[in-house]
Amino acid sequence: MDEILTGYDVNEPTWFYLSFLLITAVFFKFGRIWSLRNIDLVLLLLISPGLLILQRGDDIGDGALKDYGYVWMFSITGLLLVRMFFDTALTRRPQLGQNLNTAGMSFLCLATFLFLMTKAMTEEPAPSTLQSIHRAQKILERQDTSLADDQERDAGPAADLLNTGAAVAKDVLEEGTGDGERVAAVIMAIAAHLAVVLGLLFLARLHFGSLEPGLAMVCLYLLLPCTAYDVGNVVHVLPPALIIWALTAYRRPLVSGALMGLACGTLIFPIFLLPIWLAFYGRRGALRFMAALGLIALLLLGTLAVTSVDMHSFMEKAWGQLGVSQGLLTNPVADGFWEARLSAYRIPVMVTFGVMVASMTIWPRTKTLAHLMSYSAAIVVGTQFWYPNEGGIYVLWYLPLLLAVMFRPALLKETPPELKPLPWFKKSRPKSRDNATPTTAHPAAKGSTQALATGMIRRPFLR
């Protein structure tokens, strides 16, 4: 970062110490020590030491230190899962303000965003981002996107499709900068984090009733060290950004279904959110949601089809690009807590995770936006326990959802939308006799009727 800000050099531990002081000064409620807000802040701040321990163990090659880091991350992730699981039971949710006014929060958000994006511009882009842009360029050129046998896919076809804009800009930037691929990766990183920021702001403005919690969520998202540690990894930022926007547009199942389809096509974990969303919408909304999902699935399959040389290549990419072979099946080369010697113990964890998803889908039968947000966050947090490749460290997968749940109001009135049939599905009904156009009565008869109604004409006495 010294290339842009002369003399500026902040490593990961220093960023943690500075952000700890800022977060405590802005968000901690010193007058209510045992409030839910303070408990949430402590849980969020306890994530970063585990990431620092893992990074330190990786730098010095200490396997025991890395194991201690994974145990730390699994412990904190377990506490977060319990917090999300029982979130809907916390009905009393006082809206506690921040220790900084709105103008100060806006300035802090803007300044932190600029610092983070400067960090993204001066660091080397993530290999997964460069690989996705490279595949996106092949999609535009309709070339085969198959990888070598010793390579693994870090993202699905939706990430490649979303990176086509960066692939187009790559050729233009190549002429001016000489390093178009790197500049395109930086642009995508900025766009992905900006999508998360705007999604949180619109979610608060449209459904929380105020922009103030949106600024608080954005500020905390940008200040937390776990965001800075992985700021250039676009593949891990795109799915939560799409999920946040799907929550923002939850009143339109077609839009939410399309966004969730793109999220499922990027990484594997949003797939486990689909039962909760279908149960939330009910029969009519679920049909529209599934229709949008189907259209996105056909689009992604078409993308794979035009970049495959034969049927075998197409089937291999359709199965492997979503990371199914790495996420659900036993992976003997997994790095992280679930190594080869512990892979058998992952099976009961996956079964427990499935039971949790099923129970959240069934109960309660009628769900509100609060249930949808809390359960979605709990499921994404739960995937950290069984994901084999460095499970537990993917904090950006659930961080935006976590912040939305922590800062949300009660949301008792945010129920599933009451949808009307689409115009092209309406049946033409014949007019009933009650709705028929009344015939014009004769003036004399009309006058007699009015006179009879007002009592001006005497009826003869019937003996």
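Our subject is the structure listed above.
The written sequence of each chain sets the order in which its residues are numbered from 1. Given that the model is predicted, a residue must reach a pLDDT of at least 70 before its local features are reported, and side-chain atom pairs must reach 80 or more before they are shown or counted; all residues, however, enter totals for whole chains, interfaces and linings. To obtain the side-chain values, all non-hydrogen atoms of the structure were used and water was disregarded.

Caption draft 1: Inspection of the pattern of salt bridges at higher detail. Here, a salt bridge means any Lys or Arg side-chain nitrogen found within 4 Å of an Asp or Glu carboxyl oxygen. Tallying each qualifying case throughout the model produces seven salt bridges. The partner of E123 in a salt bridge is K119, with the nearest N and O atoms 2.6 Å apart. Since its relative accessible area comes to 8%, K119 is described here as buried. Residue R135 is joined to D160 by a salt bridge in which the shortest nitrogen-to-oxygen separation is 2.8 Å. Think of it in three bands: with a 1.4 Å probe and only protein chains considered, a residue is buried below 20% of the maximum accessible area for its type, exposed above 50%, and partly exposed in between.

Caption draft 2: Summary view of the packing of helix α17 (residues 346-362) against helix α18 (residues 369-382). For helices, the axis comes from a line fit to the C-alpha atoms of the stretch in contact; other axes are also lines fit to C-alpha atoms, and the angle between any two N-to-C directions lies between 0 and 180 degrees. Numbering of helices and strands runs from the N terminus; a helix is a DSSP stretch of H or I covering at least four residues, while a strand is a stretch of E covering at least two. Look at α17 against α18: their axes get within 11 Å of each other, and the N-to-C directions meet at 175 degrees. Judged by the inter-axis angle, α17 sits roughly antiparallel to α18. Of the residues in α18, those touching α17 at F353, M356, V357 and M360 are Y375, A378, I379 and G382. Residues are sorted three ways: Asp, Glu, Lys and Arg are charged, Ala, Val, Leu, Ile, Met, Phe, Trp, Tyr, Cys and Pro are nonpolar, and all the rest, Gly among them, are polar. Its residues assigned to classes, the contact of α17 with α18 shows seven nonpolar, one polar and no charged. Under this scheme an angle from 65 to 115 degrees is roughly perpendicular, one under 35 degrees roughly parallel, and one over 145 degrees roughly antiparallel; angles in between are oblique. Here, two residues are considered to be in contact whenever any of their heavy atoms come within 4.5 Å of each other.

Caption draft 3: Spotlight on the packing of aromatic side chains. Ring geometry is summarised as follows: Phe, Tyr and Trp rings, the Trp one being its six-membered ring, pair when their centres sit within 6.5 Å, and such pairs are stacked at plane angles under 30 degrees, edge-to-face over 60 and tilted between the two. Summed over the entire model, instances satisfying the criterion amount to 21 aromatic pairs. Chaining the aromatic ring pairs together yields one cluster made of F269, F272, F353, W386, Y387, Y394 and W397.

Caption draft 4: Quick peek at the side chain of T77. Position of T77 among the secondary structure elements: in helix α4 (residues 63-85). Look past the residues within four positions of T77 in its chain and what remains in contact with it is V381, Q384, F385, G392 and Y398.

Caption draft 5: The side chain of T112, seen in detail. Tracing the backbone through its elements, the reader meets T112 in helix α5 (residues 102-122). Ignoring any residue separated from it by four or fewer positions in sequence, one finds T112 in contact with L222 and L223.

Caption draft 6: Local environment of helix α3 (residues 47-60). Between its terminal C-alpha atoms α3 stretches 21 Å, which fits the 20 Å expected from 14 residues at 1.5 Å a residue. The complete set of buried residues in α3 reads I47, S48, P49, G50, L51, L52, I53, L54 and G57. On its buried face, α3 is in contact with α1 (12-27), α2 (36-45), α4 and α11 (225-229). Positive phi shows up at G61, right after α3, with a value of about 70 degrees. By definition here, a helix of n residues has an expected span of 1.5 Å times n minus one.

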